[in-house]
Amino acid sequence: VQLQASGGGLVQPGGSLRLSCAASGSIASINVMGWYRQAPGKERELVAAITRGSTNYADSVKGRFTISTGNAKNTLYLQMNSLKPEDTAVYYCKGSTWHVPPVHYWGKGTLVTVSS
């Protein structure tokens, strides 16, 4: 499985961005997909995840971010609204398989900078 994230950039506070993650390879084995982020000097943290239509979000992004998948299930999106400077980070997409234990795949990150 290969994951490729895109869509990052510079945006002003209060603005919006949509991140995309294109998945290829044996995507039928993927059970959970998610977005993580890592700010400078901080640990990587879960932003949002989706599995079989069920979603969950970090408290810090609830009501502002929306995770979704494309119709073909090979693209993962993260719509980010009302962005704040503290959302500045490198954003990564992750896919985890249904195997026990699961196999995790990471895409290369895309940088989101929220600044005026």
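Residues numbered from 1 in each chain as written. Predicted model: local features only at pLDDT ≥ 70, side-chain atom pairs only at ≥ 80, totals over all residues. Heavy atoms only, no water.

Trainee: Pulling in residues and values, what's your account of the sheet that holds strand 3 (residues 17-24)?
Mentor: One open sheet holds the 4 strands; their spatial order is 1-3-8-7, and the pairing between them is antiparallel. Strand pairing shows two members of the sheet lacking a second neighbour, strand 1 (2-6) and strand 7 (65-69), which therefore form its edges. Averaged over all pairs of adjacent strands, the angle between strand axes in this sheet comes to 15°, irrespective of strand direction. The pairing of strand 3 with strand 8 (residues 75-80) spans 6 bridges and is classified as antiparallel. Paired with Cys21 across the two strands is Leu76, which belongs to strand 8. (Pairing = 2+ DSSP bridges. Helix = DSSP H or I, 4+ residues; strand = E, 2+ residues; numbered from the N terminus. Axes fitted to C-alpha atoms, helices over the stretch in contact; angles between N-to-C directions.)

Trainee: Could you give an account of the side chain of Lys94, with specific residues and numbers?
Mentor: Relative to the elements of secondary structure, Lys94 occurs in strand 9 (residues 89-97). The side chain of Lys94 sits in the buried core without any salt bridge; Glu43 is the nearest counter-charge, 13 Å away. Contact partners of Lys94, with chain neighbours within four places excluded, come to Leu3, Val32, Met33, Gly34, Tyr36, His104, Tyr105 and Trp106. (Buried < 20%, exposed > 50% of the residue type's maximum accessible area, 1.4 Å probe, protein only. Lys, Arg positive; Asp, Glu negative; His and termini not counted. Salt bridge = Lys/Arg side-chain N within 4 Å of Asp/Glu carboxyl O. Contact = heavy atoms within 4.5 Å.)

Keep in mind these numbers describe shape, not what the thing actually does.
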